[in-house]
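This is what each chain is made of:
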Amino acid sequence: MCERLTDGQTVIVRGIPGSGKTVLLQAVARELGPTGVLTFGRDYTPDNQADRTATFQEGVLHSLSRYGSAQLLFDDYAHALRNPEGLRLQRQLLQLLVDGEYALDMGALLTGRWGRSMHLVSRGSPLVARARVVALPHPGSADFEAVGCAGSAEAAEAVGGNAALLAKVVPVLGRAALHQVRDSAQALVAKWVEDVPWEAVAWIKGVVRDGPAALPEDDSALEALAPLLVPAARQPDGLPRYGVVEALRTDEGRAALDGRAPTWPSRRQDSVKAFCAYLSGVPEAVWVDRYMAVKPADLLRFVQEVRGACSTRLRLLVAKNRNDMSFTEAEAAAFARHDCTVRVMLPGDRRLLHDRQLVFLGSLEGGVVLPTARVLMGQDLPGSAVAVRARNLDRKLILNVWERARPVS
């Protein structure tokens, strides 16, 4: 990790809550010494962000002038981005690490919760696009031996692949005590279940019910599951099997799993399939999302894929935002060819339509409250985003806004 940072790379590490992201970052800071500049995203607020940003920029410039290099260590960067001034922070890091005069002499380690985006929903980030995503380190046999529980099946089931939990093992009268591990895991288990994608939750449910299993094929699920896995004995077919940490099999873990609703699928083709499933039997619908037209070409591609499996006439009701790209004449015509009409709501109607909705027209009532268009198009991870059927959506309001809206051209 340190070699990547001293080579000037930007590295992203994501993980579920309490899986060792901060532990890793602090260990890296100790190894780097004076060239490492540490900042904690959870401490950022709208009132202090400017001061905290100025502080780490000063630290970086001091390190560059004195040692010729610097490494920014930003813990929970995704949390800091959620502030109202998150876009400003993103631009400052882009300038510092990508476009700035000293970018080649700087590395960065950005950490964040698995279920949160590492860039702003409305824009995307060249900084993140250039970064290398690295998995959290997993404790090995030497790590278990170091805390006095080498070869302990009990410790392995309590800790799994979570280095932060392993750090809570304490020796008592020559034996490794696991009570702090179990207490911490029990306090975190509901957040784990909330944070991982639905594909991972479905796999965990199967393991809790039926025992160890082969790993799921979904890459996002694998990344999120890593700290929760416990290797099991190989089966006669020679394939490895895995169980899950003890906390997920407790009453608290089972309750969290039972209470988790299916989230929106993370793969593009599955997202299109889910979207079309809601439109089954619907002759016409209005899709409302103020931010879905940030990039009209991306939206058009999604509509084209939907058209491959669904014949429902679509009306897209969008808003004009400061960073949106304009519809070209060819794009407007392409939407029309796919039986899809796009209109831009009046500025005064924006406040009325803050929810993302799919409103059914014709004889059907209600519709669906949707995740963001970026989630539907596979540009953002769904995290805990869900779609919810709703019978009481205000169709009259939507149609009135539609009539006032301006056609794209």
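These numbers were taken from a predicted model, which means no experiment stands behind them.

Student: Got a minute to help me understand the overall build of the protein chain in this structure?
Tutor: Across its full length, the protein chain carries 18 helices and 16 strands. By its C-alpha atoms, the protein chain is 75 × 60 × 40 Å across when sized along the principal axes. Residues counted as buried form 51% of the 409 residues belonging to the protein chain. A fraction of 74% describes how many contacts in the protein chain between residues 6 or more apart in sequence connect residues 24 or more apart. Within the structure as shown, the protein chain displays about 19900 Å² of accessible surface, and the carbon and sulfur contribution to it stands at 50%. One way to put it: in the protein chain the 49 positive side-chain charges average out to a point 5 Å from where the 46 negative ones average out.

Student: Explain the pairing of strand 10 (residues 284-288) here, please?
Tutor: The element strand 10 is largely enclosed, with a buried count of 5 among its 5 residues. Of the two faces of strand 10, the one lined by Glu 284, Val 286 and Val 288 and the one lined by Ala 285 and Trp 287 are each fully buried. By the bridge criterion, 5 bridges tie strand 10 to strand 11 (residues 313-318) in an arrangement that is parallel. Bridging from a neighbouring strand, Val 286 pairs with Arg 315 of strand 11.

Student: Just to check I follow, could you spell out the packing of helix 15 (residues 296-307) against helix 16 (residues 329-337) for this structure?
Tutor: Between two packed helices, what matters for the description is the angle formed by their axes and the separation of those axes. Contact geometry for helix 15 and helix 16: axes closest at 10 Å, N-to-C directions at 20 degrees. In this view, helix 15 runs roughly parallel relative to helix 16, as classed from their interaxial angle. Handedness of the helix 15/helix 16 crossing: left-handed. Of the residues in helix 16, those in contact with Pro 296, Ala 297, Leu 299, Leu 300 and Val 303 of helix 15 are Glu 331, Ala 334 and Phe 335.

Student: Before we go on, may I ask you to explain the sheet that holds strand 5 (residues 132-133) in this structure?
Tutor: Either a parallel or an antiparallel arrangement is found when strands of a sheet pair, and the pairing is made through backbone hydrogen bonds. Ordered by their spatial adjacency, 5 strands build an open sheet running 2-3-4-1-5, and the pairing between neighbours is parallel. Only two strands of the sheet have a single partner each, and these edge strands are strand 2 (36-40) and strand 5. Against the sheet, helix 3 (residues 49-67) makes contact with strand 2, strand 3 (70-75) and strand 4 (106-113), and its axis sits at roughly 155 degrees relative to strand 3, the strand it touches most. Helix 5 (residues 86-99) contacts strand 1 (10-15), strand 3 and strand 4 of the sheet and is inclined by roughly 150 degrees relative to strand 4.

Student: Help me understand the nonpolar core in this model?
Tutor: Across soluble globular proteins, nonpolar side chains show a tendency to be buried alongside one another. If you look at the biggest cluster of nonpolar residues, it comprises 38 residues, and the most contacted ones within it are Trp 264, Phe 275, Trp 287, Leu 316, Phe 335, Leu 358 and Leu 370. Excluding its chain neighbours within four sequence positions, the residues that come into contact with Leu 370 are Trp 264, Phe 275, Trp 287, Arg 356, Gln 357, Leu 358, Leu 376, Val 386 and Ala 387.

Student: Help me understand the pairing of strand 11 in this model?
Tutor: Each regular strand carries side chains that alternate between the two faces of the sheet. Judged by how many residues are buried, strand 11 sits mostly within the fold: 5 of 6 residues are covered. Read from strand 10 through helix 15 to strand 11, the crossover connection turns out right-handed. Pairing of strand 11 with strand 12 (residues 340-344), which is carried by 5 bridges, proceeds in the parallel orientation. Opposite Arg 315, over in strand 12, you have Thr 341 as the bridge partner.

Student: Looking at this model, I keep getting lost on helix 15. Mind explaining?
Tutor: Taking 1.5 Å of rise per residue, the 12 residues of helix 15 would be expected to cover 16 Å, and the 16 Å separating its terminal C-alpha atoms lies within 8% of that figure. Those residues of helix 15 that are buried are in contact with helix 14 (268-278), strand 10, strand 11, helix 16, strand 12 and helix 17 (373-376).

Student: Got a minute to help me understand the side chain of Glu 331 in this structure?
Tutor: Secondary-structure assignment places Glu 331 in helix 16. Buried and unpaired, Glu 331 has Arg 301 as its nearest opposite-charge partner, separated by 7.5 Å. Leaving out residues up to four positions away in the same chain, Glu 331 has contacts with Pro 296, Ala 297 and Ser 326.

Student: Please explain unusual backbone geometry as it appears in this structure.
Tutor: With the exception of glycine, the majority of residues adopt a negative phi angle, and the majority of peptide bonds are in the trans configuration. Of note, the phi angle at Asp 76 is positive, near 55 degrees, even though the residue is not glycine. Phi angles above zero are rare outside glycine, and Asp 339 is one such case at about 55 degrees. The topology assignment puts Asp 339 in the loop between helix 16 and strand 12. Residue classification places Asp 339 among the partly exposed positions, given a relative accessible area of 38%.

Student: Quick question: what am I supposed to make of the sheet that holds strand 11 here?
Tutor: Strands sit in the order 15-14-13-10-11-12-16 across an open sheet of 7 strands; the sheet is mixed. On the outer flanks of this sheet lie strand 15 (388-390) and strand 16 (406-407), each paired with one strand and no other. Here 3 bridges tie strand 13 (residues 357-360) to strand 14 (residues 367-369), and the two strands are oriented antiparallel to one another. Counted as the bridge partner of Val 359 is Gly 367 from strand 14. Along the sheet, helix 15 makes contact with strand 10, strand 11 and strand 12, crossing strand 11 at roughly 160 degrees.

Student: Whenever I open this one, the state of the cysteines confuses me. Can you help?
Tutor: As used here, a disulfide is simply a covalent bond connecting the sulfur atoms of two cysteines. Under the criterion given, the structure shown has 0 disulfides. With no disulfide partner, Cys 340 has as its closest neighbouring cysteine sulfur the one in Cys 310, 11 Å distant. Judged by relative accessible area, Cys 340 falls into the buried class, the value being 2%.

Student: Is there a simple way to explain the packing of helix 3 against helix 5 in this structure?
Tutor: One way to put it is that helix 3 packs onto helix 5 with a least axis distance of 11 Å and a crossing angle of 10 degrees. Taken together, the axes of helix 3 and helix 5 are roughly parallel relative to one another. Across the interface between the two elements, Gln 49, Thr 53, Phe 56, Gln 57 and Val 60 from helix 3 touch Gly 86, Leu 89, Gln 92, Leu 93 and Leu 96 from helix 5. Grouping the amino acids of the contact of helix 3 with helix 5 by side-chain chemistry returns 5 nonpolar, 5 polar and no charged.

Student: Can you help me understand the side chain of Glu 284 in this one?
Tutor: By the secondary structure assignment, Glu 284 is in strand 10. Separated by 2.8 Å, the side chains of Glu 284 and Arg 315 make a polar contact. Discounting chain neighbours no more than four positions away, the residues touching Glu 284 are Thr 312, Arg 313, Arg 315, Val 359, Phe 360 and Leu 361.

Definitions and cut-offs
- Residues numbered from 1 in each chain as written.
- Predicted model: local features only at pLDDT ≥ 70, side-chain atom pairs only at ≥ 80, totals over all residues.
- Heavy atoms only, no water.
- Helix = DSSP H or I, 4+ residues; strand = E, 2+ residues; numbered from the N terminus.
- Buried < 20%, exposed > 50% of the residue type's maximum accessible area, 1.4 Å probe, protein only.
- Contact = heavy atoms within 4.5 Å.
- Areas by Shrake-Rupley, 256 points an atom, 1.4 Å probe, with all protein chains shown as cover.
- Lys, Arg positive; Asp, Glu negative; His and termini not counted.
- Charge placed at Lys NZ, Arg CZ, Asp CG, Glu CD.
- Pairing = 2+ DSSP bridges.
- Axes fitted to C-alpha atoms, helices over the stretch in contact; angles between N-to-C directions.
- Parallel < 35°, antiparallel > 145°, perpendicular 65-115°, else oblique.
- Left-handed = near helix turned anticlockwise from the far one by under 90°.
- Core = buried A, V, L, I, M, F, W, Y, C linked by side-chain atoms within 4.5 Å.
- Right-handed = clockwise from strand over helix to strand, strands pointing away.
- Expected span 1.5 Å × (residues − 1).
- Salt bridge = Lys/Arg side-chain N within 4 Å of Asp/Glu carboxyl O.
- Disulfide = S-S within 2.5 Å.
- Nonpolar A, V, L, I, M, F, W, Y, C, P; charged D, E, K, R; others polar.
- Polar contact = N/O pair within 3.5 Å; in protein donor to acceptor, adjacent residues only side chain to side chain.

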